[in-house]
Amino acid sequence: MPGAPETPTGELSSLQRGHLRYFPVVPGRLEFAAAIRRELLATKPAVVAVELPAWLQPLYVEALDRLPQFSVVVYPEGGESERGVYVVVEPADPFVEALRTAQEIGAEFLFLEPNAIDRPHLPDLYPDSHSLRAIALDQYIEAYRLFPQARNDEINDHAAGMAWRLQGADTTKPTTVVLSLNLFDAVLDAMETPQDPPRERRDLTADLVNPHPDCLAEISQEYPFLQEKYEHYRALMGDDASIDRRRVQYELLKEAERNYQAQTGDSVAHWQRRMMARYTRNLAMLENQLVAGLFDLTVAARAVVDDNYAWEVWHAANSYAWQDEHSQLETLNLSAEEVYLHSRKMRLRRRLPRKKQRSMPRGLKQRPKEKHPGEWAEQLDGNSICSYPPEDLVIEDYGKFLRERAKTMLREDRVRVEPFTTSVHDGIDIRETIRNWHEGKIYVRKFERLSGDVGAVVVIFDEDPLDRYTYLTTWLGEHQNESDMAYYATQPFDHLVGPGIGRAEYGGFLMVLPPRRMFDVWNDPDYDFAETKPERLLMAALDYSVERHVVYVASKPPRSIFRSIAAHLNRQIIYIPIGQLSPTKLKKLRVVHVLDSYERRKVAKDFLW
């Protein structure tokens, strides 16, 4: 891996004890599976000892023959409990990979764990294994050993049972010992003294079952999409970049995007991708990890886009080419609650269009069609353009919403919190009161008066670096409650939906009241300083706004120089990240229909709904 020596013997020379060569791993982590395979192929030991129960060896051998299909070992928990214990045999687990590679090189197996069901439950508190992309394996192991987890008598007894099996192994055969990193030091200490045989259990029964393909993402430690990449990687042991978590996550999200667009017709915007990247980074940091897991990826997809996209992410992550629902073994559809002690739940409400949910049954109102290709294009007047009034009402209402939201942001920035004396002002600040409970004081909030109102509104859906939005227009409000607008969009008359009725998609727009004041923004030399279309709209907003505050909605804030320009004009820019607004509402708002004359408004309702 990048940053790590290629020769495994150089990395782990300090872990050699006579004929025993220890290889500590983090259970269930793909990076360690790749590392142990690389180690065994390089050293080719005569024996491979693994930290697995000896009494389950026949079932593991059977499960190895089924790989790359997943298998699950099931046995009773023991005692009076009616619960079962489910052990998933998956390709990217280091212990499974050690056995699998041992089969390839002709090495013997040695299962180390005692024949007792009550294995100690150890907390899996490890550094993120993705760090092996940057540091060597021995550095990772030594860093962990500097801060070992606490031991108890149960852990020491379990380590002693494993040490007893190692002490009884053939000393003439080179042996690679694969065991968990959190048991490594306990086993080394136990090896210093002769150990007594561990207690045995005779009433042990277990079965091997085939997990249903739909449940793999729930029960596996590495999601199936990643394990499928690993399965291709291990065959040739090629470029490690093919199993880099970040690369695989990118491929997973792109695959989910394609499926999402095919199912819903919607697409994921670039600002949503950036927001998901930041969100998953923060979720990973909360769990002291470098890269987010599948659950966090799905949470971010649902929060930033919607439930449909989150479902596509989970569905793509669950895909695994080799798993078959039909098998000679019993097939079980397991849940995470059955396999793991602690699991998290998330409810996804997938919403796809259904025939019965259409506002009007198919066939009741047929959409008019051209009698011959080009009929509607022949009817274009070209002398004037106008908007479709129902869409005007929608966009004006949204402009009012954005102005109110900006006012709320301004008020929140101008809140003063102070101890209660003679007046409660604008109400009690519960949070500040609780925070200073030890003082025995009540804190109140006081809203300072706003200086100026909110005027122009600029909304940028796409900054258009590829010059896709070539239709640049300024049109005036028709009455006192309708804003003047300047916008850039796709060419409307390249997509005709009726005679003289074109459909376009906004790239961005400017709204300003009072109406009938705006000149042609796109040809005004006063705004030639602007480098992009959004900057030209923002400069016009600062120029035409009669109120002090200007709302700017976009995926990123304007350049700092526009703050200076706004201050020079006695204006203030209020930036609202577009990711904070409803994507469903923005999607509806982004469509605009342009009519080539006022007469088209009489028939537009027959072509637009």
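The structure presented is a predicted model; accordingly, all values stated were derived computationally and were not measured. (Residues numbered from 1 in each chain as written. Predicted model: local features only at pLDDT ≥ 70, side-chain atom pairs only at ≥ 80, totals over all residues. Heavy atoms only, no water.)

J.: It is not clear to me how the overall build of the chain should be interpreted in this structure. Could you clarify?
T.: Counting secondary structure elements, the chain contains 21 helices and 19 strands. Once the C-alpha set of the chain is aligned to its principal axes, its extents read approximately 95 × 75 × 50 Å. Residue burial in the chain is summarised as follows: out of 609 residues, 48% are buried. In the chain, the proportion of contacts linking residues at least 24 apart, taken out of those at least 6 apart, comes to 75%. Entry remark: accessible area of the chain is about 31400 Å², with carbon and sulfur atoms responsible for 50%. Distance between charge centroids for the chain: 7 Å, based on 77 positive and 92 negative side chains. (Helix = DSSP H or I, 4+ residues; strand = E, 2+ residues; numbered from the N terminus. Buried < 20%, exposed > 50% of the residue type's maximum accessible area, 1.4 Å probe, protein only. Contact = heavy atoms within 4.5 Å. Areas by Shrake-Rupley, 256 points an atom, 1.4 Å probe, with all protein chains shown as cover. Lys, Arg positive; Asp, Glu negative; His and termini not counted. Charge placed at Lys NZ, Arg CZ, Asp CG, Glu CD.)

J.: Got a minute to help me understand the nonpolar core in this structure?
T.: Most often, soluble globular proteins keep nonpolar side chains buried together rather than apart. Ranked by size, the top nonpolar core spans 59 residues in total, and within it Y22, V48, V50, L166, V177 and V178 carry the most contacts. Per-element accounting of this core gives the leading share, six residues, to helix α7 (residues 181–190). (Core = buried A, V, L, I, M, F, W, Y, C linked by side-chain atoms within 4.5 Å.)

J.: Honestly, the packing of aromatic side chains in this entry has me stumped. Any pointers?
T.: When we look at a pair of aromatic rings, we describe it by the centre distance and by the angle of the planes. Taken as a whole and assessed by the stated rule, the structure comprises 19 aromatic pairs. With a centroid separation of 5.3 Å and an interplanar angle of 40 degrees, the aromatic rings of Y398 and F401 are classed as tilted. Note that Y398 and F401 are positioned in helix α16 (residues 389–413) at a spacing of three residues, about one turn of the helix. The class of Y398 is buried, set by a relative accessible area of 6%. Here the aromatic cluster, defined as three or more aromatic residues joined through ring pairs, consists of F461, Y471, W475, Y487, Y506 and F509. (Phe/Tyr/Trp six-rings, centres within 6.5 Å; stacked < 30°, edge-to-face > 60°.)

J.: It is not clear to me how the side chain of D296 should be interpreted in this structure. Could you clarify?
T.: As for its placement among the helices and strands, D296 is situated in helix α12 (residues 294–304). Apart from residues lying up to four places away in sequence, D296 is in contact with T280, L283, A284, E287 and R344.

J.: For this particular structure, what's the right way to read α7?
T.: At 3.6 residues per turn, the α-helix brings residues three or four places apart onto the same side. Among the 10 residues of α7, nine are classified as buried, and the element is accordingly described as predominantly covered. In the core, the buried residues of α7 are packed alongside β1 (16–17), β2 (20–25), β3 (47–53), α5 (137–146), α6 (153–167) and β7 (175–180).

J.: Can you walk me through the sheet that holds strand β9 (residues 331–332) in this structure?
T.: Sheets are built from strands that pair by backbone hydrogen bonding, the pairs being arranged parallel or antiparallel. In space, the four strands of this open sheet follow the order β5-β4-β8-β9, with mixed pairing throughout. Where the open sheet ends on each side, the last strands, each with one partner, are β5 (84–89) and β9. Relative to β5, strand β4 (residues 71–76) is paired through six bridges, and the arrangement is antiparallel. Considered in β5, the bridge of V73 is made with V87. (Pairing = 2+ DSSP bridges.)

J.: Is there a simple way to think about the sheet that holds β7 in this case?
T.: Across the sheet, five strands lie side by side as β1-β2-β7-β3-β6; this open sheet has mixed pairing. In this open sheet, the two strands that pair with only one neighbour each are β1 and β6 (108–113). Both β3 and β7 contribute to a ladder of four bridges, which runs parallel. Bridging across to β7, V48 finds its partner in T176.

J.: Can you help me understand the packing of helix α2 (residues 30–43) against helix α9 (residues 224–236) in this one?
T.: Two quantities define a packed helix pair, namely the angle between the axes and the distance from one axis to the other. Relative to each other, α2 and α9 sit at 15 degrees, their axes nearing to 11 Å. Taken as axis vectors, α2 and α9 run roughly parallel relative to one another. Along this stretch, α2 crosses α9, giving a crossing that reads as right-handed. Across the interface between the two elements, L30, A33, A34, R37 and R38 of α2 pack against L226, Y230, Y233 and R234 of α9. (Axes fitted to C-alpha atoms, helices over the stretch in contact; angles between N-to-C directions. Parallel < 35°, antiparallel > 145°, perpendicular 65-115°, else oblique. Left-handed = near helix turned anticlockwise from the far one by under 90°.)

J.: Which parts of the structure should I look at to understand the environment of Y487?
T.: Along the polypeptide, Y487 turns up in strand β14 (residues 484–489). Apart from residues lying up to four places away in sequence, Y487 is in contact with Y471, L472, T473, W475, Y506, G508, F509, W522 and V594.

J.: Got a minute to help me understand α9 in this structure?
T.: A rise of 1.5 Å per residue sets the reference length of α9, with its 13 residues, at 18 Å; its end C-alpha atoms lie 19 Å apart and thus fit the reference within 8%. P224, F225, L226, Q227, Y230, E231, Y233 and R234 are the residues of α9 that are buried. Buried-residue contacts for α9 involve α2, α4 (94–105), α8 (216–219), α10 (245–264) and α13 (307–317). Following α9 by one or two positions, M237 adopts a phi angle in the positive range, close to 50 degrees. (Expected span 1.5 Å × (residues − 1).)

J.: Whenever I open this one, the confidence of the model for the chain confuses me. Can you help?
T.: Looking at the chain as a whole, its pLDDT mean stands at 85, while 91% of the residues score no less than 70. Confidence over residues 1–10 falls short of pLDDT 50; this stretch has 26 contacts with residues more than four positions distant or in other chains. Every residue in residues 357–364 is under pLDDT 50, and counting partners more than four places away or in other chains gives two contacts. (pLDDT = per-residue confidence, 0-100.)

J.: Got a minute to help me understand the side chain of R590 in this structure?
T.: If you trace the backbone, R590 turns up in the loop between α20 (583–589) and β19 (591–595). Residue classification places R590 among the buried residues on the basis of a relative accessible area of 19%. Not counting chain neighbours up to four residues away, the residues in contact with R590 comprise F461, D462, Y469, A504, E505 and Y506.

J.: What should I look at first to understand a nonpolar patch on the surface in this one?
T.: Judged by side-chain polarity, F420, V424, I428, I430, I434, W437 and I442 come together as a nonpolar surface patch covering roughly 740 Å² of accessible area. Within the element layout of this structure, F420 appears in the loop between β10 (415–419) and α17 (430–435). F420 sits in the partly exposed class, given a relative accessible area of 39%. (Patch = residues over 30% accessible without salt bridge, like charges linked within 9 Å, V, L, I, M, F, W, Y side chains within 5 Å. Salt bridge = Lys/Arg side-chain N within 4 Å of Asp/Glu carboxyl O.)

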